[in-house]
Amino acid sequence: MLGALLLPLLAAGLTEARDSWERANERAGRALSGLSLEQKVGIVTGVGWTKGPCVGNTSPAPSIGYPSLCLQDGPLGIRFAKGVTAFPAGIQAGSTWDINLIRERGKAMGEEARGLGIHVLLAPVAGPLGKIARGGRNWEGFAADPYLSGIAMKETIDGIQSVGVQACAKHWIGNEQELRRETISSDIKDRELHELYMWPFVDAVKADVASVMCSYNKVNGTWACDSDYVNNKLLKTELGYRGYVLSDWNAQHSTVQSANGGLDMTMPGTDFNQPPGSIYWGPNLTAAVRNGEVPEARVNDMVRRILAQWYALDQDRGYPATTINSWNLTAGGPDVQGDHKNIARTVARDGIVLLKNDNNALPLKKPSSLAIIGEDAIVNPAGPNACPDRGCNTGTLAMGWGSGTADFPYLVDPVSAISRRAAADGTTLATSTTNDQAAGASAAAAASTAMVFINADSGEGYITVEGNAGDRINLDPWHSGNELVAAVAAVGKPTIVVIHSVGPIILERILAQQNVVAIVWAGLPGQESGNALVDVLYGDVNPSGKLPYTIAKSESDYPTIVDAPNDPFSEGLYIDYRRFDAFNIAPRYEFGFGMSYTTFGFKDLDISSRSARGGNGYGNRNSSGIAAGPATGRRGPGGRQDLFDIVATVTATVTNTGRVRGAEVAQLYISLPSSAPETPRASSLNLRPGQSRKATFELRRRDLSFWDVALQEWVVPRGNFGIQVGASSRDAKLTGTITV
Ligand SMILES: OC[C@H]1O[C@@H](O[C@H]2[C@H](O)[C@@H](O)[C@H](O[C@H]3[C@H](O)[C@@H](O)[C@H](O)O[C@@H]3CO)O[C@@H]2CO)[C@H](O)[C@@H](O)[C@@H]1O
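Figured I'd write up the structure that's included with this text. The structure presented is a predicted model; accordingly, all values stated were derived computationally and were not measured.

1. Structural notes on the sheet that holds strand S26 (residues 706–708)
Two modes of strand pairing occur in sheets, parallel and antiparallel, and in both the strands are linked by backbone hydrogen bonds.
In step 1: Overall, antiparallel pairing links the three strands, which are arranged S19-S27-S26 in an open sheet. In this open sheet, the two edge strands, each paired with only one partner strand, are strand S19 (629–630) and S26.
In step 2: Where S19 meets strand S27 (residues 713–716), two bridges bridge the pair, whose relative direction is antiparallel. Counterpart to Pro 630 in the pairing with S27 is Val 715.

2. A closer look at unusual backbone geometry
In step 1: Note the cis peptide between Asp 73 and Gly 74, where omega equals 10°.
In step 2: Considering the arrangement of structural elements, one finds Gly 74 in the loop between strand S3 (70–73) and helix H3 (90–94).
In step 3: Here Met 267 and Pro 268 are connected by a cis peptide whose omega angle stands at -5°.
In step 4: Structurally, Pro 268 can be placed in the loop between helix H9 (256–260) and helix H10 (283–290).
In step 5: Positive phi, close to 60°, is recorded for Asp 208, a residue that is not glycine.
In step 6: Assignment of secondary structure puts Asp 208 in the loop between helix H7 (199–206) and strand S7 (211–214).

3. What to know about helix H11 (residues 296–312)
In step 1: The terminal C-alpha atoms of H11, which comprises 17 residues, lie 24 Å apart, in line with the 24 Å expected from a rise of 1.5 Å per residue.
In step 2: Extensive coverage of H11 is indicated by the burial of 13 of its 17 residues.
In step 3: Residue Asp 314 follows H11 closely and has a positive phi angle near 60°.

4. A closer look at the pattern of salt bridges
Opposite charge on two side chains makes pairing possible when the charged atoms of those side chains draw close.
In step 1: Applying the stated rule across the entire model yields 45 salt bridges.
In step 2: For Lys 356, the salt bridge goes to Asp 358, with nearest N and O atoms at 3.0 Å.
In step 3: Residue classification places Asp 358 among the partly exposed residues on the basis of a relative accessible area of 32%.
In step 4: Across the salt bridge formed by Arg 730 and Asp 581, the nearest N and O atoms sit 3.1 Å from each other. Remark: Asp 581 occurs in helix H18 (residues 577–582) and Arg 730 occurs in the loop between strand S28 (720–728) and strand S29 (731–739); sequence separation between them is 149 residues.
In step 5: You can call Arg 730 partly exposed: its relative accessible area is 27%.

5. Concerning the nonpolar core
In step 1: By size, the foremost hydrophobic cluster in this structure holds 113 residues, and its most contacted members are Tyr 66, Ile 78, Trp 172, Tyr 197, Leu 246, Leu 285 and Leu 307.
In step 2: Looking at this core, the element that brings in the most residues is H11, giving nine residues.
In step 3: Setting aside residues up to four positions removed in sequence, Tyr 197 forms contacts with Leu 129, Lys 131, Ile 173, Glu 176, Ile 188, Glu 192, Phe 569, Glu 571 and Ile 575.

6. Observations regarding the packing of helix H6 (residues 190–197) against H7
In step 1: Running from N to C, H6 and H7 cross one another at 55°; their axes reach a closest spacing of 4 Å. As judged from the angle between their axes, H6 and H7 are oblique. Across from Leu 193, His 194, Glu 195, Leu 196 and Tyr 197 in H6, the residues of H7 making contact are Trp 199, Pro 200 and Phe 201.
In step 2: Of the residues belonging to the contact of H6 with H7, the class tally is six nonpolar, one polar and one charged.

7. Things to note about the state of the cysteines
In step 1: This structure, assessed with the given rule, holds three disulfides.
In step 2: One disulfide in the model links Cys 54 with Cys 70; its S-S distance is 2.0 Å. Between Cys 54 and Cys 70 the disulfide shows an S-S torsion of about -100°. By sign, it is left-handed. You can see Cys 54 sitting in the loop between helix H2 (37–44) and strand S2 (56–57) and its partner Cys 70 sitting in strand S3, a full 16 residues away along the chain.
In step 3: On the basis of relative accessible area, Cys 70 is assigned to the buried category, the value being 1%.
In step 4: Paired by a disulfide, Cys 387 and Cys 392 hold their sulfur atoms 2.0 Å apart. Sign of the S-S torsion, about 95° for the bond between Cys 387 and Cys 392, identifies this disulfide as right-handed.
In step 5: Here Cys 168 is not cross-linked by a disulfide; its sulfur's nearest cysteine counterpart is in Cys 214, at 9.2 Å.
In step 6: When its relative accessible area of 0% is taken as the criterion, Cys 168 is described as buried.

The rules behind each value
- For every chain, the first residue of its written sequence is number 1, and the numbers climb from 1 along that sequence.
- Reporting of local features is limited, given that this is a predicted model, to residues whose pLDDT is at least 70; pairs of side-chain atoms are given and counted only at 80 or more, and all residues count toward the totals for whole chains, interfaces and linings.
- Only hydrogens and water are set aside; all other atoms, that is, all heavy atoms of the structure, feed into the side-chain values.
- Should DSSP find at least two bridges between two strands, the strands are taken to pair.
- Strands here are runs of E lasting at least two residues and helices are runs of H or I lasting at least four, both read from the DSSP assignment and numbered beginning at the N terminus.
- Here a helix's expected span is defined as the number of its residues, less one, multiplied by 1.5 Å.
- Residue burial is assigned from relative accessible area. The probe radius is 1.4 Å, only protein chains are included, and a residue is buried under 20% of its type maximum, exposed over 50%, and partly exposed in between.
- The salt bridge definition used is simple: a Lys or Arg side-chain nitrogen within 4 Å of an Asp or Glu carboxyl oxygen.
- As used in this record, nonpolar core signifies buried Ala, Val, Leu, Ile, Met, Phe, Trp, Tyr and Cys residues forming a set joined through side-chain atoms within 4.5 Å.
- Contacts are assigned to residue pairs that have any heavy atoms within 4.5 Å of one another.
- Every angle, taken between N-to-C directions, lies between 0 and 180 degrees, and every axis is a line fitted to C-alpha atoms, over only the stretch in contact when it is a helix.
- Under this scheme an angle from 65 to 115 degrees is roughly perpendicular, one under 35 degrees roughly parallel, and one over 145 degrees roughly antiparallel; angles in between are oblique.
- Three classes are used: nonpolar for Ala, Val, Leu, Ile, Met, Phe, Trp, Tyr, Cys and Pro, charged for Asp, Glu, Lys and Arg, and polar for all others, with Gly counted as polar.
- The disulfide criterion is simple: two cysteine sulfur atoms within 2.5 Å.

Such coordinate-based values are descriptive only and should not be taken to indicate function.
See the structure below:
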């Protein structure tokens with residue numbers, strides 16, 4: 001392992017902001033001048049839960065052709081609709097580490113939103129970031145790492161907004177657990193706030209995300225949606241955010257403080273989990289303006305921000321009428337799936353991580369017989385959508401529960417997909433599709449190979465499933481999964497374990513079973529679950545997924561668990577792999593780990609750096625032209641714009657040294673000079689080699705900087721930066737340095 005901490009980096013081409021914002025902003029200003037105060041307040045206030053077709057709706061302003069804005073979840077597809085695609089969850093997209101796939105998934109979600117006349121898709125998610133392994137909503141986001149999360153945020157937003165739908169980056173900020181999420185204070189120190197929790201939102205702002213949703217929790221003692229500090233100072237001033245801030249549903253706690261603190265839209269608008277009739281804005285905001293507590297200029301700013309995004313995305317020109325009906329699904333329409341099952345299958349497949357594969361147990365080679373065991377192999381007998389917001393764990397797991405879900409149009413379960421393949425191969429199947437251990441053992445006894453399906457679920461805290469109030473109660477598989485694997489493995493047949501999970505599971509008891517020869521981490525694959533799995537199990541596609549979080553040997557190895565009434569974030573910068581690396585804790589499977597059916601060689605590391613302040617580029621392995629010191633560029637979306645300058649390019653040649661075609665995610669990690677505070681981050685480049693190809697990583701000034709609390713600025717320290725290119729956070733194949 002290199003150095004105490006590793007700061008990683010990525011690939012090219014980060015920002016293609018829309019250039020129409022200035023014009024849109026002018027149009028918004030003109031439109032605004034013709035509106036009454038009541039009309040403006042209607043644009044910033046939701047009409048109430050279930051009072052419109054979408055989960056969030058605002059009042060129209062017909063005089064300027066402005067509609068009732070429709071805001072709808074969510075991060076893996078359209079909630080409360082029929083005829084939509086149930087895409088793989090964010091965490092599955094993250095485990096592909098594939099920029100293009102992540103963008104295509106976002107675009108497909110955007111197309112479905114547009115097709116239903118949804119103006120704002122409430123996605124993607126970067127909070128929770130995933131510092132708490134048990135955190136109920138971690139699976140809605142992409143990775144327990146700000147760098148990978150940030151890249152995925154940018155690509156998803158680009159995809160959604162490329163088809164004219166407003167994206168919403170959520171939940172801003174510090175919403176890391178479900179327990180007491182509406183009362184807890186996330187007490188986050190300045191450096192951690194910048195380097196971990198704000199980092200992916202910077203990418204979102206740089207991508208010109210239309211809206212940001214403030215979270216339920218308090219930040220350093222003040223409700224996020226009422227906080228001048230997080231909304232005005234950090235988001236709108238420091239990060240140069242041009243869009244609007246909307247509240248999570250009922251996350252607003254005041255009329256005046258929230259208005260003056262930077263909130264621009266309140267949702268859902270009335271009496272949601274509150275006494276009937278309670279509402280902070282609407283008439284109360286009008287009154288606060290009239291009595292001088294909120295300047296009308298502030299309300300004008302809210303409306304201008306909202307209208308500017310509507311104009312910038314051309315939603316004033318021929319945008320489809322809203323046809324979704326969240327409260328009567330059969331009355332909504334039309335079917336908007338198109339061919340999106342293809343991208344859903346590809347993301348599900350490329351997000352599968354192969355964790356163990358003794359003696360090439362996989363891919364399967366037309367086995368004469370195969371036992372399929374476990375309730376996770378079949379669809380819930382009551383149907384895949386039997387439980388509202390997927391609030392149960394019955395049958396195969398393909399998404400978590402809560403507002404970040406969609407109805408399955410269908411769910412291809414593992415047993416159906418494997419049965420089709422087995423029929424074609426002439427394989428005899430023995431099935432036991434409950435978690436009954438004796439039945440599982442007897443199925444295994446009847447076959448040459450056993451395959452056991454287990455899972456672990458979590459979700460949003462307004463639903464409790466089998467004692468799990470959103471957050472998980474432990475990191476074990478559900479429904480006695482460990483015992484089922486043990487009973488099957490004891491039969492003595494080669495045993496393959498397939499796991500569907502929202503996040504890490506402690507695997508030690510499974511790994512202790514001698515006959516467990518392979519472990520396939522199938523994640524949260526969405527509607528194409530079984531098809532994607534068969535693609536990998538049979539080697540039609542070589543697995544290329546890499547873990548977007550660390551799998552520990554013991555839960556106590558993780559930095560924090562859900563408990564205190566307030567969270568002091570005392571783990572500091574050391575979340576997920578940063579903690580394992582810094583404190584020399586051996587993980588079971590490290591961040592970035594994932595096996596393949598082939599092998600890869602890495603060679604020819606080349607590092608060329610250039611001045612961050614416009615100097616000429618030159619190849620150099622030692623002293624660079626990169627200027628040390630604080631960022632000084634003008635501010636724009638994302639903050640100081642010189643932070644996005646490319647200051648170095650790192651290349652390496654990756655060769656497929658095995659016998660079958662395959663893809664490798666080459667990963668680059670940077671360690672900052674020891675003289676500077678340590679700053680770990682991670683990222684990657686997805687490389688699909690034929691035989692040999694060059695992986696190219698473009699490093700931005702931002703990627704070599706740490707947040708200097710005293711200076712209140714990003715700073716590039718002097719000294720040697722360690723460069724590591726390899727196959728995971730702990731598998732360095734090539735190393736080098738950049739000296740600043
Ligand atoms: O959907 C918009 C945002 O909503 C937040 O979650 C809320 C969720 O949408 C809503 O369905 C749920 O309502 C439940 C309510 O809280 C509960 O008291 C009642 O018994 O059942 C309702 C469900 O039928 O409330 C959620 C908030 O508590 C999300 O945080 C946000 O990400 C969504 O975008």
